[in-house]
Amino acid sequence: MVSLVVVAVFLFQGALFQPPQAEAFKIFPTDDSLTHQQITEAAFLRKMVEVCRDVATSQGKGFTLPINSKLTATTVQKACSNSYASLLKLSTFNLAIIQTALSNAAVDRKQFSTAHHFDDEDFKNGRDLITKGIAAVKVSIKKGNYLSARTSLGAVCHTLQDFYSHSNWVELGSNVPFSTLIKPELPLNNLASRDTKTCKSCVGKDCSDNILPEVLQQKLLTSGYFHPIFPDKPAGKCSHGSIFDRTSSTEPTGGINKDDISSDHGFLHNRAAEMAINATMELLEDIRLATGDQAFLRLMGLSQTSVLAFVIDTTGSLSNYIAEATRVFISIIDSRRGTSEEPSEYILVPFNDQDFGPLIRTGDADRFKEQINSLSASDSLNPGMCLSGLMLTLTRAPPSSDIFVLTDASAKDTELKSSVEAMIESTKSTVTFLLTNSISTRSQQNVSLSRSLSQSEIQLYRDLARVSGGQTIDVTNTTSSQATAVITGLITADLVTVLQAARNPPKAENFSFVLDPTLSNVTVYITGDSPVFTLYSPTGVSQSGSVADGPLGSILTVGNLKRVKLNSTGQTGEWKISIDSTNSYNMRVTGQSSVDVLFYFVEIVEGGHGDSWGQRFTRPFIGRNATLFVSVTGGDSVTVTDVLLVEASGSNVVNGTIKALGATDFLVNIDRIPEWPFVVQLKGLLNDSTTRSLPSRFQRQSPTQQQGSRFTITAQPNSTIEPGTPFVLNFTLVTNATGGSYTIRARTDRSFSVSFPSSLNAGTEGSAQGTVTLTAPSNTESGTDVTLTIEAEDPESSDSNYVALRFTVMTKVTDFSSPVCQIVSIKADCPVECSRASWELSTNLTDGNGTGIAGVSLSRGNGSLSLSNVMSADGTNVTVAFYNASCCSQEVELVAVDRVGNVGTCFTSIKSPSTTVSPSGSTTVSPSGSTTVSLNGSYSVKDLQLLASMDHILCPSPCVLL
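About the thresholds
- Residues numbered from 1 in each chain as written.
- Predicted model: local features only at pLDDT ≥ 70, side-chain atom pairs only at ≥ 80, totals over all residues.
- Heavy atoms only, no water.
- Buried < 20%, exposed > 50% of the residue type's maximum accessible area, 1.4 Å probe, protein only.
- Helix = DSSP H or I, 4+ residues; strand = E, 2+ residues; numbered from the N terminus.
- Contact = heavy atoms within 4.5 Å.
- Lys, Arg positive; Asp, Glu negative; His and termini not counted.
- Salt bridge = Lys/Arg side-chain N within 4 Å of Asp/Glu carboxyl O.
- Polar contact = N/O pair within 3.5 Å; in protein donor to acceptor, adjacent residues only side chain to side chain.
- Pairing = 2+ DSSP bridges.
- Axes fitted to C-alpha atoms, helices over the stretch in contact; angles between N-to-C directions.
- Disulfide = S-S within 2.5 Å.
- Parallel < 35°, antiparallel > 145°, perpendicular 65-115°, else oblique.
- Left-handed = near helix turned anticlockwise from the far one by under 90°.
- Nonpolar A, V, L, I, M, F, W, Y, C, P; charged D, E, K, R; others polar.
- Core = buried A, V, L, I, M, F, W, Y, C linked by side-chain atoms within 4.5 Å.
- Phe/Tyr/Trp six-rings, centres within 6.5 Å; stacked < 30°, edge-to-face > 60°.
- Lys NZ or Arg CZ within 6 Å of the ring centre and 35° of its normal.

1. Points about helix 14 (residues 417-427)
Part 1 of the argument: Within helix 14, 8 of the 11 residues are buried, leaving the element largely enclosed by the surrounding structure.
Part 2 of the argument: Listed as buried for helix 14 are Ser 419, Val 420, Glu 421, Ala 422, Met 423, Ile 424, Glu 425 and Thr 427.
Part 3 of the argument: Looking at the packing, one finds that the buried side of helix 14 touches helix 13 (386-396), strand 5 (430-435), helix 15 (455-468), strand 30 (741-748), strand 34 (785-793) and strand 35 (800-809).
Part 4 of the argument: One or two steps after helix 14, the chain reaches Lys 428, where phi turns positive at roughly 60°.

Here it is in C-alpha cells:
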C-alpha cells in the first residue's frame, strides 16, 4: 500500500516513480558543499585557463589569470580572448557548460546501475563505462557533432566524479586522480576482493574511522554498497550510507560517501570534490590532445559562433529570384568573413515539389558559395516539400541556429507542421521565412510560370516563424537590398530578445520593456499588414511609425515588416510602444548584449539524492507543476526578481517561485502549466562589481514559444547505438484521462529503419507502453549522429506531444592502447648564446596491433616537425618524427593519436640536467650522455629490447611485461 501511494505522488508530479540510487555529489548546493554542476564548471574553467595560457606562451604573450583564482566564465573568456585572434564567445561557452552539466545531472535520474556510480566495488564496469563514453566523445567531435559530444561527456564526468565520492581513494591518502580510470590499457590493481572485509561499524554517528586499518595499510581500493530496499551486503563490507541506503543499517553500520559535508565521510568532501575537479581536467586534457585545440575549443563552446542555414525552394517560378537571392546570401557571407561574426558553419538544403535535400554542411565559405551558385530551378509550379526541408535542417543544425527559408509556394507537406513546431521547441532555433509572393517568370522552355500564396498558406509560415521567434518577410527583387539589411541584423552576434509579443486576433495594446546598460544596437521589429504604432522613450519623447527618421530612431520598411533601429544614445530605462492594427501582428525587441538567459524545463525526481534532476525533452503537463532551470550568462552576479510564463498571443501571466543555485543559476517552480502557448520572461537586477553604481534593471525573454500538453511521452535512451544492430527503445505515454487511443509517429533525420506501433491505447490506468526499434545501416560511419523523434497525437483534440532523442552511431571499439614513443636520437650541442645553434630529436612512433597512428602534432615547441612512414622488418608501421629547433626553444612535446582517439605524448627537454619522454617511459639525458628510462605502463619484451642500450631501466608498479 505504501508503494502505491508513492507511485501516485510521482505521477501527480509529472514523472514516473524511479527507484532511489546511491547518492553522488549533490545536485542542489547545501552548506558549502560542491555539486556535480559546480565541479564540472570548475573543471571547464580551469582547463580553459590552462589551454589559453599555453597558447599565450607559445605566441610569446603574457597570461596573468591564475588557475587558482576565483574563476567565472566572464573572466576566463576575457583572458582567453587576449590569447586568440578572434573573440571567444561567452554565450556559447556558458551554453556548453550547461549542456554538459545537464547531461551530468541526468545520470542520477536515468542510470541506476552500480557501475554508473562506482557502488558495490564495481570498478571494472565503471571504468568500462568511462572508456566507452570517452570514445563516444572523441568520435562525435571528429564528425563535428559537438552537442552529442557534450551529452556523452556529461555522463562520463558524472561517473568519473562519483568515484572520488563513493570509493576510499581519498581515504587512502591519494593526492592525485586515479588516472587508470581513463587509461584502459593500465591494470586495475589492489582491488579489495569480495571476501575481504573493509569496514567496521561507525561509533554512533561518527564514521570518521570506520574503514579497517589493514585496508588503508595495504592500499586496497573499495567502495560502499548501496540498496534502497534490501539491507543485505557481503559480510564486513562498507556501505554507501544515507537515509535511502538500507545496507547502512546492517553491520558494519554507517557509510563512507563524501557527497556533501553532512555525509558520513563529509569531513573529506572538499578533498574529494577537488580530486574530482582535477580528474575531470585530466579527462578534458586527454580529449584535447586527441582532437586538437581548435576542435576542443568548439567542444567547450569558446570558438562556436553562429551557424547560418538556408532552405531554398528551387521550383520554376523562383528561377529569376534564385539568382537575386544568391547574390544577397553571398554578400552576407562575404560581409562577415574575417570578423568575429563569421559563422562557424553554413548549411544549405534545397527542395522542390518532388524531393528535398541533400543537406550540405561546411565551414568553408567558398565551398558554400559554390553550392549556392550551383542551384538551378525546375519547371514545376506545384507546392514544394518546404517543411520536409526545414525539418531536416532543424534536426541536423546545432541548437539555436539561424535558419532562413526562401519560397513563393504553399507547402506540400503540411502534415509535418506539428513535427516542425516540436523540433523548433526542442532545438530553440530561429526560423525566418522570406516569401517572394506573386512572382512571374519563364521556364527554360519559355513557358510563363507564376503563382501566389493565399492568406491561409502564408499563415502557416507565420505560425512557424512566431513559434521560433523569427520573422515572415515579403521580399521582391526590388527590395532585396533592404531585406539584406534586415537579415544581417537578425544574425548579429550576441543577439538577445528583450520582448516579443503576437496578437491574433488583433487588438490595440500598449507594451513596455526595459533596456539595460549592456544593450547596444537595439532594434524593434513589427510584422503585419499596416500596423499603426508609436514609440515612447524613458524621457517621454515619442516617434510615430510613419516617421522614417525621427528623434528615437530610423525606420526601414520591407514588405510587411517595419524595422526600427533605435539611436545609440539615451537607451537605458523603460520604453513603451503602442500598437493598433486591424490584422494580426508580431512585435519583437532585440539588442546585442553579453547578458542573456538560458531556459530549460527539467524533471525533478525524489530518490537516493534527495532531489535529482535532468532536462526534459518533452512538453510539460498542462495543469500540473513544472520546474525551469534558468541560467543568466554574462553577468557575474544577478538578482532575479521575476520569472514569468507569458501568454504568447495574449496578456495572461503565470509567475514562478525562484530558488537560487548560485550567483547566476536558478530553479523556478511553476505551480500550474497553462493551457495557452507561452514564452518565458525574466526580470531582475544586474549587479556591477567593477563600479559602485546602483544595480540596473534588466529583462530578457525566450524567443522560442513553448506549450504544454495533456499527456506526456518519455523514454530512457542510451546515447550510442551500433551500426547494423537493431536498438529497441521503450517509451511511455501517460495522460490525465483514462482510456483513449493515440496516434504514434516516429522518424529519424537519417532515414534509418524505424518500426513502431501506429497507435497506443492508454487504458483505464491512463498510461501505455510502446517500443521503437531503430536500426542504423551496417555501413554507417562511426560518429554519425541521428535524431529520433517520437510523436503522439490525440485525434479527437489534436493535442500532441513528442520526445526528441539524439544518438551517436558507434562501431565497437576494441583498441584501447595508446601509441608508443621511442627515442632514436637526440643531438644537442648548445652554446651559451642559444640563438646561434639548433638541436634535433628523432623518434619512432608505433601503435602496435592497434588501429594505427592517425596523426602526430606539436603541443609544445616552436621548432619544425617532419614526418615519414616506414615499415619495420617485422611488418610494423612506424611513423618517424624528426624535430629541429633553436637551442633557445629547449622543450618539445609530440602528441600521437591513433584512429580511435587513444593518445600518446612524448615530452623532451634539453634543459640541464634532464630530459623526459613519455608514454613509453620517461627518458633522462644527463650532461654526461647517460640515459635513464622510467617505465609506467604495459610494455612488450620487444619494447624493452629496443631500450636495452640505455644505461638504466626503472619499472615501478604498475609495469607488466606482455
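Having put the structure on the table, let's press on.
2. A look at the side chain of Asp 749
Part 1 of the argument: Examined against the element boundaries, Asp 749 turns out to sit in the loop between strand 30 and strand 31 (753-755).
Part 2 of the argument: No salt bridge is formed by the buried Asp 749; the nearest opposite charge belongs to Arg 396, separated by 4.1 Å.
Part 3 of the argument: Within the structure, Asp 749 has its side chain in polar contact with the backbone nitrogen of Thr 787 (distance 2.9 Å).
Part 4 of the argument: Setting aside residues up to four positions removed in sequence, Asp 749 forms contacts with Leu 392, Thr 395, Arg 396, Val 786 and Thr 787.

3. So, the sheet that holds strand 39 (residues 864-871)
Part 1 of the argument: If you walk across this open sheet you meet the 4 strands as 36-37-40-39, and the pairing is antiparallel. What marks the edges here is a single partner per strand, and that holds for strand 36 (820-828) and strand 39. The mean angle between the axes of side-by-side strands here comes to 20°, regardless of whether they run parallel or antiparallel.
Part 2 of the argument: Summarising the sheet, strand 37 (residues 838-846) and strand 40 (residues 877-886) pair through 8 bridges and their orientation is antiparallel. What sits directly across from Trp 839, in strand 40, is Ala 885.

4. Some points on the pattern of salt bridges
Part 1 of the argument: Considering all chains together, one arrives at 33 salt bridges under this definition.
Part 2 of the argument: As a salt-bridge pair, Glu 781 and Lys 143 come within 3.2 Å of each other at their nearest N and O atoms. Within this pair, whereas Glu 781 is found in the loop between strand 33 (767-775) and strand 34, its partner Lys 143 is found in the loop between helix 6 (123-142) and helix 7 (146-166), the two being separated by 638 residues in sequence.
Part 3 of the argument: Among the residues examined, Lys 143 registers a relative accessible area of 34% and is labelled partly exposed.
Part 4 of the argument: For Arg 745, the salt bridge goes to Glu 791, with nearest N and O atoms at 3.8 Å. Separated by 46 residues along the polypeptide, Arg 745 in strand 30 and Glu 791 in strand 34 bring together distant segments of the chain.
Part 5 of the argument: Accessibility expressed as a relative area gives 21% for Arg 745, which makes it partly exposed.

5. Section: unusual backbone geometry
Part 1 of the argument: In the segment running from Glu 251 into Pro 252, the intervening peptide bond is cis, with an omega of -10°.
Part 2 of the argument: As for its position among the elements, Pro 252 is in the loop between helix 8 (213-217) and helix 9 (269-291).
Part 3 of the argument: At the junction of Asn 504 and Pro 505, the peptide bond is cis and its omega measures out at 10° in the coordinates.
Part 4 of the argument: On the secondary structure map, Pro 505 appears in the loop between strand 9 (495-503) and strand 10 (509-515).
Part 5 of the argument: At Asp 494, a residue that is not glycine, the phi angle is positive and equals roughly 55°.

6. Thoughts on the state of the cysteines
Part 1 of the argument: Taken as a whole, this structure holds 6 disulfides when the rule is applied.
Part 2 of the argument: Between the sulfur atoms of Cys 199 and its disulfide partner Cys 238 the distance amounts to 1.9 Å. Residues Cys 199 and Cys 238 share a disulfide whose torsion about the S-S bond is about 90°; that sign makes it right-handed. Remark: Cys 238 occurs in the loop between helix 8 and helix 9 and Cys 199 occurs in the loop between helix 7 and helix 8; sequence separation between them is 39 residues. Each member of the pair, Cys 199 together with Cys 238, is buried.

7. Points about the pairing of strand 35
Part 1 of the argument: Most of strand 35 sits out of view: 9 of its 10 residues are buried.
Part 2 of the argument: As defined by bridge partners, strand 28 (residues 720-721) adjoins strand 35 across 2 bridges and the pair is classed as parallel. Paired with Ile 721 across the two strands is Val 809, which belongs to strand 35.
Part 3 of the argument: Relative to strand 35, strand 34 runs antiparallel, the two being bridged by 9 bridges. Across the sheet, the residue bridging to Thr 789 is Ala 804, located in strand 35.
Part 4 of the argument: Counting the residues between successive antiparallel strands, the hairpin from strand 34 to strand 35 contains 6 residues, one of them, Ser 798, with a positive phi of roughly 65°.

8. Considerations on the sheet that holds strand 15 (residues 561-566)
Part 1 of the argument: With antiparallel pairing, the 5 strands of this open sheet are ordered in space as 9-17-11-15-14. Only two strands of the sheet have a single partner each, and these edge strands are strand 9 and strand 14 (553-558). In this sheet, adjacent strand axes meet at a mean angle of 15° when their direction is disregarded.
Part 2 of the argument: Pairing geometry for strand 11 (residues 520-528) and strand 17 (residues 585-592), over 7 bridges, is antiparallel. Considered in strand 17, the bridge of Ser 520 is made with Gln 592.

9. Quick notes on the packing of helix 2 (residues 36-58) against helix 9
Part 1 of the argument: The contact between helix 2 and helix 9 brings their axes to 9 Å, and the two run at 50°. In terms of orientation, helix 2 and helix 9 fall into the oblique class. At the point where helix 2 passes helix 9, the crossing takes the right-handed sense. The residues of helix 9 that touch helix 2, namely those facing Ile 39, Ala 42, Ala 43, Phe 44, Arg 46, Lys 47, Glu 50, Val 51 and Asp 54, are Ala 273, Glu 274, Ala 276, Ile 277, Asn 278, Thr 280, Met 281, Leu 284, Glu 285 and Arg 288.
Part 2 of the argument: For the contact of helix 2 with helix 9, the class distribution of residues is 10 nonpolar, 2 polar and 7 charged.

10. Observations regarding the nonpolar core
Part 1 of the argument: Core analysis: the largest hydrophobic core is formed by 60 residues, its most contacted members being Met 48, Val 76, Leu 153, Phe 163, Tyr 164 and Leu 283.
Part 2 of the argument: Counting residues per element, the ones that place at least two in this core are helix 2, helix 3 (73-81), helix 4 (90-110), helix 6, helix 7, helix 9 and helix 10 (293-300).
Part 3 of the argument: Considering every element that reaches this core, the biggest residue donor is helix 2, with 11 residues.
Part 4 of the argument: Excluding residues that lie within four positions of it along the chain, Leu 153 makes contacts with Phe 44, Thr 100, Val 137, Leu 283, Leu 284, Ile 287 and Leu 299.
Part 5 of the argument: Ranked by size, the runner-up nonpolar core spans 34 residues in total, among them Val 307, Ala 309, Leu 387 and Leu 416.

11. Describing the pairing of strand 10
Part 1 of the argument: Counted residue by residue, strand 10 has 5 buried out of 7 residues, so it is predominantly covered.
Part 2 of the argument: Relative to strand 16 (residues 573-580), strand 10 is paired through 7 bridges, and the arrangement is antiparallel. By the bridge assignment, Glu 509 is partnered in strand 16 with Ile 579.

12. Regarding the environment of Ala 422
Part 1 of the argument: As for its placement among the helices and strands, Ala 422 is situated in helix 14.
Part 2 of the argument: Ala 422 sits in the buried class, given a relative accessible area of 3%.
Part 3 of the argument: For the pair Ala 422 and Thr 789, spaced 367 residues apart in the sequence, the C-alpha separation amounts to 9.1 Å.

13. Notes on the packing of aromatic side chains
Part 1 of the argument: One pass over the full model with this rule turns up 17 aromatic pairs.
Part 2 of the argument: Note on Phe 163 and Tyr 164: the rings are 4.9 Å apart at their centroids and 90° apart in plane angle, and the pair reads as edge-to-face.
Part 3 of the argument: Exposure remark for Phe 163: the relative accessible area of 0% places this residue in the buried category.
Part 4 of the argument: Put simply, the rings of Phe 118, Phe 123, Phe 163, Tyr 164, Trp 169 and Phe 178 touch in pairs and so form one group of aromatic residues.
Part 5 of the argument: Here Arg 624 stacks its cationic end above the ring of Phe 621, 3.8 Å away from the centre of that ring.

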